[in-house]
Amino acid sequence: MVPDKVSIVEAEPYPFEFWPAHCALVIIDMQRDFLEPGGFGEMLGNDVGQLRRTIAPNRALLDAWRKAGLLVIHTREGHRPDLADLPPAKRIRGRGEKHIGDPGPMGRILVRGEAGHDIIRELYPKPGEPVIDKPGKGAFFATDLHAILQYHGIRQLVVTGVTTEVCVNTTVREANDRGYDCLVLADCVGSYFPEFQEMGLKMIKAQGGIFGWVGKSDQVIKAIGKG
Ligand code: TIU
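## Focus on the pattern of salt bridges
Using the criterion set out here, one finds 14 salt bridges in the structure. The salt bridge involving K134 is made with D29; its shortest N-O contact spans 2.8 Å. Of the two residues, K134 sits in strand β7 (residues 131-134) while D29 sits in the loop between β3 (23-28) and α1 (32-35), which places them 105 residues apart along the sequence. You'll find K134 and D29 in the same group, each marked buried. Close ionic contact of E122 with R52 constitutes a salt bridge, the shortest N to O distance being 4.0 Å. Here R52 lies in helix α3 (residues 49-52) and E122 lies in the loop between β6 (107-108) and β7, a separation of 70 residues in the sequence.

## Points about the packing of helix α7 (residues 164-177) against helix α8 (residues 194-209)
For the pair α7 and α8, interaxial distance at closest approach is 10 Å and the crossing angle is 10°. As summarised for this structure, α7 and α8 are arranged roughly parallel, according to the angle between their axes. Counted together, T164, E165, N169, V172 and R173 of α7 and F196, Q197, G200, L201, M203 and I204 of α8 form the full contact between these two elements. For the contact of α7 with α8, the class distribution of residues is five nonpolar, four polar and two charged.

## A short note on α7
Its 14 residues place the ends of α7 18 Å apart at the C-alpha level, agreeing with the 20 Å of an ideal helix rising 1.5 Å per residue. Residues T164, C167, V168, N169, T171, V172, E174 and A175 constitute the buried set of α7. Considering only its buried residues, α7 is in contact with β3, β4 (71-77), β7, β8 (156-162), β9 (181-190) and α8. In the stretch just after α7, G179 is the one whose phi turns positive, near 95°.

## Brief notes about the packing of aromatic side chains
Scanning the model with the defined rule gives five aromatic pairs in all. Here the aromatic rings of Y14 and W213 are separated by 5.4 Å at their centres, their planes lie at 80°, and the arrangement is edge-to-face. Separated by 199 residues along the polypeptide, Y14 in the loop between β1 (7-9) and β2 (16-18) and W213 in strand β10 (residues 213-215) bring together distant segments of the chain. Exposure remark for W213: the relative accessible area of 10% places this residue in the buried category. Each ring, one from F18 and one from W65, has its centre 6.0 Å from the other, and the planes form 35°; the classification is tilted. Taken together, the positions of F18 in strand β2 and W65 in helix α4 (residues 55-67) put the pair 47 residues apart, joining distant regions of the chain.

Calculation criteria
- Residues numbered from 1 in each chain as written.
- Predicted model: local features only at pLDDT ≥ 70, side-chain atom pairs only at ≥ 80, totals over all residues.
- Heavy atoms only, no water.
- Salt bridge = Lys/Arg side-chain N within 4 Å of Asp/Glu carboxyl O.
- Helix = DSSP H or I, 4+ residues; strand = E, 2+ residues; numbered from the N terminus.
- Buried < 20%, exposed > 50% of the residue type's maximum accessible area, 1.4 Å probe, protein only.
- Axes fitted to C-alpha atoms, helices over the stretch in contact; angles between N-to-C directions.
- Parallel < 35°, antiparallel > 145°, perpendicular 65-115°, else oblique.
- Contact = heavy atoms within 4.5 Å.
- Nonpolar A, V, L, I, M, F, W, Y, C, P; charged D, E, K, R; others polar.
- Expected span 1.5 Å × (residues − 1).
- Phe/Tyr/Trp six-rings, centres within 6.5 Å; stacked < 30°, edge-to-face > 60°.

Structural data, given as structure tokens:
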């Protein structure tokens, strides 16, 4: 049993009241196609180094989180092999040569069951840890994430993963509207674009924490250690 008590975690715009027994770690889309050299992300011309710097801090946080027996949830962006859940608008967006579902460097792009769709080895889910397969950018859209969180009595989320301005921001906004407090960890989220990393975090913590808080993983690890 996780003790039902609060720790204060340094964060912006003001300290975050961390209730570990009611808080889940949500690791967004740390998938091979987004992070690995030779994957879909790099094929599109993106600098995967901007995302790879998040791997080590996520790993340290995940180790501490698991050791404390807290709930961790992993998400993956992707689609059914028959692409029945892929809106045509999403498929053709970008006018690129390659679309979701086409053969890519690590199997069919963003299709469930393909190598590139899976989570990177360093952060691979353990048996029993929920993995949410999501067809959209937000982790609540067309998934059972909210039901799983409610079942576990979760009221807060520590959010990490990629990319900061796309799937992380969308998920935090969805979570905010569903009544969850979100703490986003700056060193554990990444964008291909440094300016979007900065602004993506500013947008969350602006206006008194309009969507949530921004903090750092070492502060959360410290708080777990004291738990
Ligand atoms: N997971 C996620 O953010 N999906 C994306 O497509 N991100 C981009 O930044 N493209």
